Amino acid sequence: MDGFKCEICGGKIIMQANKTGVCQNCGIEYDIEAIRSMVIESLPFSPQKANQVATSSSSDNQNELDREVLITYLEDLRVLESIISENKNIQEQALSYVTQKSTELTNYKQYNSPIKPQAPQKINLLLWKPRIRLSLLITSIILAIVGVICFVSDNPFVILLQFFLFASAAVLFVIFALSLSFHCLRSANHNHKAKKDFKKRVSSVEENYKTNMNRYNSELEKYNNELSRREAEFNELNEVFLQKYGELLKEQEEFGELLEKAYSANIIPKPFRNIEGVYYLYDYISTSNQSLSEALTQANLDAIKQRLEAMIEVQSAQVIQQAQANAKLGTLQAQNEHIARLAEAVMNNTAVSAQYAQISAVNSELAVKLSKESLYYQKWSFILK
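These remarks concern the structure in this document. Please read these numbers as outputs of a predicted model, since none were measured by experiment.

**Topic: the overall build of the protein**
So, step 1. Looking only at helices and strands, the protein features ten helices and three strands.
So, step 2. Residues counted as buried form 36% of the 385 residues belonging to the protein.
So, step 3. Contacts in the protein between residues far apart in sequence, at least 24 positions, make up 74% of those at least 6 positions apart.
So, step 4. When the accessible area of the protein is evaluated, it comes to approximately 23800 Å², of which 54% is carbon and sulfur surface.

**Here's the deal with the side chain of aspartate 76**
So, step 1. Note that aspartate 76 resides in helix H3 (residues 67-111).
So, step 2. In contact with aspartate 76, other than residues within four places in its own chain, are Asn363 and Leu366.

**Some thoughts on the environment of isoleucine 285**
So, step 1. Summarising the element assignment, isoleucine 285 is placed in helix H6 (residues 275-286).
So, step 2. The spacing of isoleucine 285 and isoleucine 71 is 214 residues in sequence and 7.1 Å in space, taken between C-alpha atoms.
So, step 3. Apart from residues lying up to four places away in sequence, isoleucine 285 is in contact with Arg67, Leu70, Ile71, Leu74, Gln290, Leu292 and Ala295.

**Regarding the pattern of salt bridges**
Side chains that differ in charge, positive against negative, can pair when their charged atoms come close.
So, step 1. Summed over all chains, the structure comprises nine salt bridges.
So, step 2. A salt bridge links aspartate 283 to arginine 78; the nearest nitrogen and oxygen atoms lie 4.0 Å apart. With a gap of 205 residues between them, aspartate 283 in helix H6 and arginine 78 in helix H3 connect regions that are remote in the sequence.
So, step 3. With a relative accessible area of 28%, aspartate 283 lands in the partly exposed category.

**Thoughts on the packing of H3 against H6**
So, step 1. Taken N-terminus to C-terminus, the directions of H3 and H6 make an angle of 150 degrees; their axes are 9 Å apart at the nearest point. Relative to H6, H3 is oriented so that their crossing is left-handed. For the pair formed by H3 and H6, the contact residues are Arg67, Leu70, Ile71, Leu74, Glu75, Leu77, Arg78, Glu81, Ser82 and Ser85 on the first element and Ile275, Val278, Tyr279, Leu281, Tyr282, Asp283, Ile285 and Ser286 on the second.
So, step 2. Considering only residue class, the contact of H3 with H6 consists of ten nonpolar, three polar and five charged.

**A few points about a positive patch on the surface**
So, step 1. Residues Lys244, Lys250, Lys372 and Lys379 make up a contiguous surface patch of positive charge.
So, step 2. With respect to the secondary-structure elements, lysine 372 resides in the segment after helix H10 (350-370).

**Regarding the packing of aromatic side chains**
So, step 1. Throughout the structure, instances matching the rule amount to three aromatic pairs.
So, step 2. Summarising the aromatic geometry, the rings of phenylalanine 241 and tyrosine 245 are spaced 5.0 Å apart at their centres and angled 35 degrees between planes, so their arrangement reads as tilted. Highlighted residues: phenylalanine 241 and tyrosine 245, both in helix H5 (residues 156-263), separated by four residues, approximately one helical turn. The same class applies to phenylalanine 241 as to tyrosine 245, namely buried.
So, step 3. With centroids separated by 5.6 Å and ring planes inclined at 50 degrees, the aromatic side chains of tyrosine 280 and tyrosine 284 adopt a geometry described as tilted.

**A closer look at the nonpolar core**
So, step 1. Residues Tyr73, Leu74, Leu77, Ile267 and Ile268 are the most contacted members of the largest nonpolar core, which totals 59 residues.
So, step 2. At the level of elements, H3, H5, H6, helix H7 (292-297), helix H8 (301-329) and H10 are the ones that each hand at least two residues to this core.
So, step 3. Per-element accounting of this core gives the leading share, 16 residues, to H3.
So, step 4. Look past the residues within four positions of tyrosine 73 in its chain and what remains in contact with it is Ala262, Tyr263, Ala265, Ile267 and Ile359.

**A look at unusual backbone geometry**
When glycine is set aside, most residues are seen to have a negative phi, and most peptide bonds are trans.
So, step 1. Located in the positive-phi region is asparagine 266, a residue other than glycine, with phi close to 55 degrees.
So, step 2. Summarising the element assignment, asparagine 266 is placed in the loop between H5 and H6.
So, step 3. Residue class for asparagine 266 comes out exposed when judged on its relative accessible area of 53%.

The rules behind these values
Residues numbered from 1 in each chain as written. Predicted model: local features only at pLDDT ≥ 70, side-chain atom pairs only at ≥ 80, totals over all residues. Heavy atoms only, no water. Helix = DSSP H or I, 4+ residues; strand = E, 2+ residues; numbered from the N terminus. Buried < 20%, exposed > 50% of the residue type's maximum accessible area, 1.4 Å probe, protein only. Contact = heavy atoms within 4.5 Å. Areas by Shrake-Rupley, 256 points an atom, 1.4 Å probe, with all protein chains shown as cover. Salt bridge = Lys/Arg side-chain N within 4 Å of Asp/Glu carboxyl O. Axes fitted to C-alpha atoms, helices over the stretch in contact; angles between N-to-C directions. Left-handed = near helix turned anticlockwise from the far one by under 90°. Nonpolar A, V, L, I, M, F, W, Y, C, P; charged D, E, K, R; others polar. Patch = residues over 30% accessible without salt bridge, like charges linked within 9 Å, V, L, I, M, F, W, Y side chains within 5 Å. Lys, Arg positive; Asp, Glu negative; His and termini not counted. Charge placed at Lys NZ, Arg CZ, Asp CG, Glu CD. Phe/Tyr/Trp six-rings, centres within 6.5 Å; stacked < 30°, edge-to-face > 60°. Core = buried A, V, L, I, M, F, W, Y, C linked by side-chain atoms within 4.5 Å.

Everything listed here is a matter of geometry and, on its own, says nothing about what the molecule does.
Shown next as structure tokens:
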């Protein structure tokens with residue numbers, strides 16, 4: 001609204017949040033109706049000019065669309081394509097956002113769960129190992145048994161052998177007994193110290209295990225609380241997403257049907273029925289005196305798509321917001337009245353009249369949709385915080 005000038009002093013009028021305009025120079029205020037009148041009067045298709053254009057159009061080439069109607073038509077296409085593009089972008093962002101939150105929750109479960117400490121194993125202390133002493137004991141017993149067997153013979157040689165066996169068994173047994181006694185005495189002293197050290201080590205291990213278990217239980221409680229919070233947060237987000245995502249698809253479908261209705265007027269060729277082609281045609285025709293056929297002849301669609309991709313990404317939201325502002329100010333209604341007057345002027349040309357009627361219907365329906373407080377996809381910023 002910066003382009004409107006005060007009727008008193010000629011200063012610039014700036015729109016305020018309360019839907020009034022204030023002159024920067026003299027401070028006079030203009031209500032919304034006064035601003036709307038200024039908008040309509042400044043349009044090239046104001047009611048007064050529309051009568052003149054309609055009259056001249058009837059005497060000109062009846063097969064050509066009025067230039068201002070064509071620009072209005074292309075502007076409607078540009079708005080519709082922008083809305084659908086922004087809607088799809090929000091869908092992709094929402095899906096990506098929910099997927100990211102799901103991945104974060106999965107990673108938290110996988111990598112943040114505390115590890116339970118391993119319980120200490122029970123250790124049995126072996127206090128005595130037989131080794132050689134066991135061999136001596138077994139050998140002495142065998143010799144004694146052989147000596148007993150030799151009692152059945154009266155042969156002097158056998159008796160001598162028997163004496164030798166008993167003597168050897170006795171000697172081996174005495175050696176075993178002495179060795180065992182010595183070992184027991186030494187082991188008793190050694191094992192007493194070993195038991196003390198062993199008990200200390202076991203006590204230290206058990207104490208460390210108890211400390212680690214206390215720490216583990218504390219960390220596990222914190223982990224479970226945090227996991228519950230994250231799961232509840234994600235479930236709430238996912239529930240909202242599932243409930244609202246259908247509304248996004250519904251809005252996309254509604255504007256898609258309106259876009260198809262607009263394209264079905266067969267004013268622009270099929271290769272240009274996309275966001276890049278529409279932006280190109282609107283910019284070319286609205287900033288020059290060239291005709292639609294001239295704009296189509298000069299077009300290189302592949303180059304257009306590459307050149308306009310970044311620009312469309314930046315401008316699409318602004319285009320939609322400007323269209324919404326125009327709908328609230330009644331600009332689109334003035335456009336529609338202009339189209340209706342032209343349609344009446346070319347009633348004898350059925351094809352052009354039908355195109356005007358279709359353009360008017362699309363423009364009217366688009367104005368109704370844009371006059372809402374905001375489009376549904378514009379309310380989705382809450383889920384992408």
